[in-house]
Amino acid sequence: MTKVIAINAGSSSLKWKLFETPAETVVAEGMVDRVGLKDSVFTAKYGPDEKERFKATLDIKDQTAAVDMLLKKLTDLKIVTDIAEITGVGHRVVAGGEIFKESTVINDEVIQQIDDLAEYAPLHDPAELQGIKAFCKLLPNALSVAVFDTSFHQTMPAVNYLYSIPYEYYEKYGARKYGAHGTSHRYVATRAAEILGKPLNELKLITLHLGAGASITAIDGGKSIDTSMGFTPLAGVTMATRSGDIDASLVAYLMQKLHLSDPEDMIDILNNKSGIFGISGVSPDMRDLEKTRDTNPRSQLGIDIFVNRIQKYIGSYVAEMGGIDALIFTAGIGENDVIMRKRIIDGLSYFGAKIDDERNNVHGVEKIISTDDSKLKVLLVPTDEELMIVRDVERLRREQ
């Protein structure tokens, strides 16, 4: 038995999950929140059925300090007897550009390439790179692997990933659709095929990763052929605080009306003040919109727009693939919002989709939630990006 840790470093957080392989058993998990801010919080769940809990509040100045504390706590809490037991580290990296078409063993060249790609994900890649360097220093003998959100979408054809702008902008600046949430879409598609008992390469699937960030992917024969997010995760469907698709001319128009001279200020509005939050004026949390929809018409409007945009993408992807075998819900809203799943499926009756209300009345469990006579299989599959990351680490270890 060996131990592999999956790392998801954000701009102000570090999530981690420690697995024992090859059994793929979760040994412990937790996160460091408010990294770089006052009163950072370190939490861990461990022990049998993860019943043991640890929490500490202190100042953690950066990702390097967060990694150092994590490794020390793993031994202090006797989760491991020695950090050398950790033989692999898998890092989630948001932007891999066109360079990384699959998960990759980290070396000096890869580190430099990730650094060069930081402008594609300025809020994520620099923090992720800091975490990578810290782990490489503190666990020099462990196999370090970068797992890119964008890699799964590198199978998209040019007709789907190119924007209708001068081609030289793509050649010179990499201006194209890259997508996101690729590790999640890859996991739930693979798991859905197993649940259905059919080869993944024979299925036409649409995966719905619906959370604060939301993306939809068309998967034909196990390959991503189109996805809703674009050059950045701002594009696509309406999200919690992100606008989703918007007319570019409207951006320039609003900058004039709002007297904004810095494009970053407009991007901040579209990323953090828009979506269902901007529509409702209440909250970015769908649960709050549900509670206030009877008294605030804009809350109901936010819900309706969210559903509408998702249904439009589903319809376009069915047309693009020439059919569909199954639709898969995952992530926070997709896994837990019973009412939202029903709203979305009820609008797809023209595909022969029928949801079974009793089967649908579940949270976060693997299940087929469509009726027996539904022409379209509808599944709920909780995502497990960390497990997919660990599997990539072990696969690359075997290939070395």
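Now for a look at the structure at hand. Please read all numbers here as calculations on a predicted model, not as lab measurements.

Considerations on the overall build of the chain
Phase 1 of the analysis: Counting its secondary structure elements, the chain contains 15 helices and 14 strands.
Phase 2 of the analysis: Relative to the 2.2 N^0.38 estimate, which gives 21 Å for 400 residues, the radius of gyration of the chain is 21 Å and therefore close to what a compact globule would have.
Phase 3 of the analysis: The burial tally for the chain puts 51% of its 400 residues in the buried class.
Phase 4 of the analysis: For the chain, the share of sequence-separated contacts (at least 6 apart) that also reach a separation of at least 24 residues comes to 59%.

Some points on the packing of helix H11 (residues 297–321) against helix H13 (residues 338–346)
Phase 1 of the analysis: Two elements in contact, H11 and H13, have axes whose closest approach is 9 Å; the angle formed by their N-to-C orientations is 50 degrees. Relative to H13, H11 is oriented oblique. The element H11 and its partner H13 pack so that their crossing is right-handed. Counting all contacts with H11, which are made through Ile 303, Phe 306, Val 307, Ile 310, Gln 311 and Ile 314, the residues of H13 involved are Met 340, Arg 343 and Ile 344.
Phase 2 of the analysis: Class assignment of the residues belonging to the contact of H11 with H13 gives a composition of 7 nonpolar, 1 polar and 1 charged.

Considerations on the environment of Gly 174
Phase 1 of the analysis: Secondary-structure assignment places Gly 174 in the loop between helix H5 (167–173) and helix H6 (182–196).
Phase 2 of the analysis: For Gly 174 and Ile 314, which are 140 residues apart along the polypeptide, the C-alpha to C-alpha distance reads 27 Å.

Quick notes on the sheet that holds strand S1 (residues 2–9)
Phase 1 of the analysis: The strand order across the open sheet built from 8 strands is S5-S4-S3-S2-S1-S6-S8-S7, with neighbouring strands paired in mixed fashion. Each edge of the open sheet carries a strand with a single partner, namely strand S5 (52–58) and strand S7 (104–105).
Phase 2 of the analysis: Helix-sheet contacts for helix H3 (residues 125–138) involve S1, strand S6 (86–93) and strand S8 (143–148), and the interaxial angle to S6 is about 170 degrees.

Focus: unusual backbone geometry
Phase 1 of the analysis: A cis amide bond links Thr 21 with the next residue in sequence, Pro 22, at an omega value of 10 degrees.
Phase 2 of the analysis: If you trace the backbone, Pro 22 turns up in the loop between strand S2 (13–21) and strand S3 (25–33).
Phase 3 of the analysis: Even without a glycine there, the phi angle at Asp 39 is positive, about 60 degrees.
Phase 4 of the analysis: Take Asp 39: it is sitting in the loop between S3 and strand S4 (40–46).
Phase 5 of the analysis: A relative accessible area of 39% places Asp 39 in the partly exposed class.

Side note on the packing of aromatic side chains
Think of a pair of aromatic rings as described by two things: how far the centres are apart, and how the planes are tilted against each other in angle.
Phase 1 of the analysis: Counted according to the given criterion, the structure contains 11 aromatic pairs.
Phase 2 of the analysis: Consider the rings of Phe 100 and Phe 148, whose centres lie 4.3 Å apart with planes at 10 degrees: the pair is stacked. In this pair, Phe 100 is assigned in the loop between S6 and S7 and Phe 148 in strand S8, connecting sequence segments 48 residues apart. For the pair formed by Phe 100 and Phe 148, the shared burial category is buried.
Phase 3 of the analysis: Ring geometry for Tyr 161 versus Tyr 170: centroids 5.9 Å apart, planes at 50 degrees, classification tilted.

Overview of the pairing of S8
Phase 1 of the analysis: Where burial is concerned, most of S8 is hidden: 6 out of the 6 residues are buried.
Phase 2 of the analysis: As paired strands, S6 and S8 are joined by 6 bridges and run parallel to one another. By the bridge assignment for S8, Gly 90 is matched with Val 145.
Phase 3 of the analysis: Bridge count for S7 against S8 is 2 bridges, and the pairing is antiparallel. Residue pairing in the sheet places Val 105 in a bridge with Val 145 of S8.

Focus: the pairing of strand S11 (residues 223–227)
Phase 1 of the analysis: Counting buried residues in S11 gives 4 out of 5 residues, a clear majority hidden from the surface.
Phase 2 of the analysis: Sheet analysis places strand S10 (residues 214–220) next to S11, joined by 4 bridges and oriented antiparallel. Within S11, the residue paired with Ile 219 across the bridge is Ser 224.
Phase 3 of the analysis: Between S10 and S11, which pair antiparallel in sequence order, lie 2 residues; one of them, Gly 221, sits at a positive phi of approximately 65 degrees.

Things to note about the layout of surface pockets
Phase 1 of the analysis: Estimated volume of the second largest pocket: approximately 350 Å³.
Phase 2 of the analysis: Around the second largest pocket, the lining comprises 18 residues; the ones closest to its centre are Lys 101, Glu 102, Phe 152, Arg 186 and Gly 222.
Phase 3 of the analysis: Looking at the lining of the second largest pocket element by element, the count peaks at 4 residues for H6.
Phase 4 of the analysis: For the lining of the second largest pocket, a count of residues per class yields 4 nonpolar, 8 polar and 6 charged.

With respect to helix H2 (residues 108–116)
Phase 1 of the analysis: The complete set of buried residues in H2 reads Val 110, Ile 111, Gln 113 and Ile 114. Each buried residue of H2 lies within a common arc of 165 degrees when the element is viewed along its axis, so the set occupies one face. For H2, the exposed residues lying more than 90 degrees away from the buried face are Asp 108 and Glu 109.
Phase 2 of the analysis: Close packing links the buried residues of H2 with S6, S7, H3 and S8.

The rules behind the values
Residues numbered from 1 in each chain as written. Predicted model: local features only at pLDDT ≥ 70, side-chain atom pairs only at ≥ 80, totals over all residues. Heavy atoms only, no water. Helix = DSSP H or I, 4+ residues; strand = E, 2+ residues; numbered from the N terminus. Rg over C-alpha atoms; globule rule 2.2 N^0.38 Å. Buried < 20%, exposed > 50% of the residue type's maximum accessible area, 1.4 Å probe, protein only. Contact = heavy atoms within 4.5 Å. Axes fitted to C-alpha atoms, helices over the stretch in contact; angles between N-to-C directions. Parallel < 35°, antiparallel > 145°, perpendicular 65-115°, else oblique. Left-handed = near helix turned anticlockwise from the far one by under 90°. Nonpolar A, V, L, I, M, F, W, Y, C, P; charged D, E, K, R; others polar. Pairing = 2+ DSSP bridges. Phe/Tyr/Trp six-rings, centres within 6.5 Å; stacked < 30°, edge-to-face > 60°. 1 Å grid on protein atoms, 1.4 Å probe; cavity = no way out; pocket = protein on both sides within 12 Å on 5 of 7 lines; lining within 4 Å. Points joined across faces, edges and corners; volume = space filled by probe spheres on them. Arc of directions from axis to C-beta.

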